[in-house]
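# Coordinates in review
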Amino acid sequence: QVQLVESGGGLVQPGGSLRLSCATSGIIFSPYTVGWYRQAPEKQRELVATITSGGFTNYADSVKGRFTISGDNAKNTVYLQMNGLKPEDTAIYYCYARRILTGANYWGQGTQVTVSS
């Protein structure tokens, strides 16, 4: 079964950096898209970044140039390096996976990122 476990969230000052990790299992041997969404209080969940098993990446305009998504196949882990963090980046960040063959979606439990002075 597919499991996604996020880590790395926390409190950081504006301009600071965090690296989120998503440990994955159950999706290695099929085509998939993995990425990150975020949801701030009273706002819709929005896409942050995705990476496909073919290595294609997409970023939200609001984070492009500041965030980088990458994967380590040996560790079955997807990372989100977040630099130049802004207060508006504050949200719960969710790891996400989509199995291309079936279109099934999978979600992690979320990790809180708070950007504040």
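Preceding this section is the structure that the text describes.
The present account deals with the structure reproduced in this document.

Scoring rules and cut-offs
Residues numbered from 1 in each chain as written. Predicted model: local features only at pLDDT ≥ 70, side-chain atom pairs only at ≥ 80, totals over all residues. Heavy atoms only, no water. Helix = DSSP H or I, 4+ residues; strand = E, 2+ residues; numbered from the N terminus. Rg over C-alpha atoms; globule rule 2.2 N^0.38 Å. Buried < 20%, exposed > 50% of the residue type's maximum accessible area, 1.4 Å probe, protein only. Contact = heavy atoms within 4.5 Å. Areas by Shrake-Rupley, 256 points an atom, 1.4 Å probe, with all protein chains shown as cover. Salt bridge = Lys/Arg side-chain N within 4 Å of Asp/Glu carboxyl O.

We now examine the overall build of the protein chain. When helices and strands are tallied, the protein chain shows 0 helices and 11 strands. Its helices and strands in sequence order give the protein chain the pattern β-β-β-β-β-β-β-β-β-β-β, from N to C terminus. Relative to a compact globule of 117 residues, whose C-alpha radius of gyration would be 13 Å, the protein chain shows 14 Å and is just as compact. Counting across all 117 residues of the protein chain, residues that qualify as buried make up 41%. Expressed as a percentage of contacts within the protein chain between residues at least 6 apart in sequence, the contacts between residues at least 24 apart total 54%. Entry remark: accessible area of the protein chain is about 6,400 Å², with carbon and sulfur atoms responsible for 49%.

Let us now look at the pattern of salt bridges. In the structure shown here, the tally under the stated rule is 3 salt bridges. Across the salt bridge formed by Glu-46 and Arg-38, the nearest N and O atoms sit 2.7 Å from each other. Glu-46 gets classed as partly exposed once you look at its relative accessible area, which sits at 35%. Residue Arg-38 is joined to Asp-89 by a salt bridge in which the shortest nitrogen-to-oxygen separation is 2.9 Å. One end of the pair, Arg-38, is in strand 4 (residues 32-39); the other, Asp-89, is in the loop between strand 8 (77-82) and strand 9 (91-99), with 51 residues separating them in the sequence. When sorted by exposure, Arg-38 lands in the same class as Asp-89, which is buried. Each of the salt bridges in this network shares a partner with another, and the network as a whole consists of Arg-38, Glu-46, Arg-66 and Asp-89.

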